[in-house]
Amino acid sequence: TTIDGLAETHNQLRRAKNGQPTFETIVANIENAAQKLPKCHFHIRVNINKQNGDEYALLYTQLSERWKGLKNITIYCSFVEDYGKCDVDCYNSNEKINFMRTLRNKYGIFTKNFYPRSNLSLCVANSRYGYVISANGDLYKCWSDLGKPDKVVGNIIEGKLNNYELLAHYALDMDKFGDE
């Protein structure tokens with residue numbers, strides 16, 4: 001899952017099905033998983049748009065302080081992209097550069113996605129050890145599969161993988177160069 005701003009902002013954007021806030025649950029679950037799985041590295045994405053961008057430095061600082069003893073958590077931001085159906089105000093290219101420059105120069109937060117780089121991976125499914133973890137602990141191999149019961153490949157709480165046919169499909173049949 002992602003974090004979409006400080007608690008108040010996140011909870012306005014991301015409520016549970018029953019309407020309850022999700023920020024503290026997500027943060028506590030990340031913390032719990034990182035403590036129980038010290039050899040596993042957790043990359044925590046914070047979605048950034050013009051409505052929550054000003055909060056990122058404070059959120060980054062608060063979470064870094066909370067998780068300072070956990071060396072297996074990395075916090076990073078990712079800009080929300082508008083592919084034609086975006087409900088939030090997204091940054092343009094120049095605004096993204098200025099945002100990242102401000103993070104570095106004003107707050108001392110340097111993120112590795114500041115510089116352009118080639119991206120040869122289309123989905124976490126292409127990563128051998130990469131998984132997307134849902135709120136209930138279900139494991140998926142791709143963000144697009146999240147919430148689809150037939151795409152669950154295991155569960156972090158149970159500590160096992162169980163959909164080996166789907167895992168094999170992602171491992172062997174996900175050739176990004178094979179799709180015309």
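See the structure printed just above.
Just so it is clear, the structure is predicted and the values come from calculations on it, not from any experiment.

**Student:** Account for the overall build of the protein chain, naming residues and giving values.
**Tutor:** Helix and strand content of the protein chain: five helices and six strands. Reading the secondary structure of the protein chain in the N-to-C direction produces α-α-β-α-β-α-β-β-β-β-α. Per-residue burial over the protein chain gives 34% buried out of 180 residues. Across the protein chain, every contact between residues at least 6 apart in sequence was considered, and the portion connecting residues at least 24 apart equals 47%. Summed over all atoms, the accessible surface of the protein chain reaches about 12,100 Å², with 51% contributed by carbon and sulfur.

**Student:** Explain helix α3 (residues 56–66) to me, using residue names and the numbers behind them.
**Tutor:** For α3, every residue scored as buried is listed here: Y56, A57, L59 and L63. Viewed along the axis of α3, the buried residues span an arc of 160 degrees, placing them on a single side of the element. For α3, the secondary structure elements touched by its buried residues are α2 (23–36), β1 (42–48), β2 (73–79) and α4 (93–107).

**Student:** Describe the nonpolar core, listing the residues and the values that go with them.
**Tutor:** Core analysis: the biggest nonpolar cluster contains 27 residues, and I3, I48, Y56, W67, I73, F99 and L103 have the highest contact counts within it. Sort the elements by how many residues they give to this core and α2 lands first, with six residues. Those residues in contact with I73 that lie beyond four places of it in its chain are I30, A34, H41, F42, I44 and W67. Counting residues in hydrophobic clusters, the runner-up holds seven residues, among them A125, L139, V153 and Y170.

**Student:** Give a detailed account of the sheet that holds strand β4 (residues 138–140), specifying residues and quantitative values.
**Tutor:** Across a sheet, strands are paired by hydrogen bonds formed along the backbone, either parallel or antiparallel in direction. Read across the open sheet, the four strands follow the order β3-β4-β5-β6; overall the sheet is antiparallel. A single partner strand is all that each edge strand has here, and the edge strands are β3 (132–133) and β6 (160–161). Relative to β4, β3 runs antiparallel, the two sharing two bridges. Directly across from I133, in β4, lies its bridge partner L139.

**Student:** Lay out the side chain of N11 in plain terms, naming residues and giving numbers.
**Tutor:** Of note, N11 is situated in helix α1 (residues 7–13). Apart from residues lying up to four places away in sequence, N11 is in contact with P21, T22 and F23.

**Student:** Quick rundown of the packing of aromatic side chains? Include the residues and the values.
**Tutor:** The full count for this structure, using the stated rule, is five aromatic pairs. Relative to F99, the ring of Y56 has its centre 6.4 Å away and its plane inclined at 50 degrees; by these criteria the two rings are tilted. With Y56 in helix α3 and F99 in helix α4, this residue pair connects regions lying 43 residues apart in the sequence. For the pair Y56 and F99, a shared accessibility class is recorded, and that class is buried. Taken together, Y56, Y60, F79, Y91 and F99 form an aromatic cluster joined through their ring pairs. When the ring centre of Y131 is taken as reference, the NZ or CZ atom of K141 above it lies at 4.4 Å.

**Student:** Can you explain the environment of I44? Please cite residues and give values.
**Tutor:** Positionally, I44 belongs in strand β1. Once you skip the residues sitting within four places of it in the chain, I44 turns out to touch I3, I30, W67, I73, T74, I75 and Y76.

**Student:** Residue-level account of the pattern of salt bridges, with values.
**Tutor:** Tallying each qualifying case throughout the model produces six salt bridges. Between E31 and R66 there is a salt bridge, with the nearest N and O atoms lying 2.7 Å from each other. In this pair, E31 is assigned in helix α2 and R66 in helix α3, connecting sequence segments 35 residues apart. Among the residues examined, R66 registers a relative accessible area of 37% and is labelled partly exposed. A salt bridge links E81 to K96; the nearest nitrogen and oxygen atoms lie 2.6 Å apart.

What counts, and where the lines are drawn
Residues numbered from 1 in each chain as written. Predicted model: local features only at pLDDT ≥ 70, side-chain atom pairs only at ≥ 80, totals over all residues. Heavy atoms only, no water. Helix = DSSP H or I, 4+ residues; strand = E, 2+ residues; numbered from the N terminus. Buried < 20%, exposed > 50% of the residue type's maximum accessible area, 1.4 Å probe, protein only. Contact = heavy atoms within 4.5 Å. Areas by Shrake-Rupley, 256 points an atom, 1.4 Å probe, with all protein chains shown as cover. Arc of directions from axis to C-beta. Core = buried A, V, L, I, M, F, W, Y, C linked by side-chain atoms within 4.5 Å. Pairing = 2+ DSSP bridges. Phe/Tyr/Trp six-rings, centres within 6.5 Å; stacked < 30°, edge-to-face > 60°. Lys NZ or Arg CZ within 6 Å of the ring centre and 35° of its normal. Salt bridge = Lys/Arg side-chain N within 4 Å of Asp/Glu carboxyl O.

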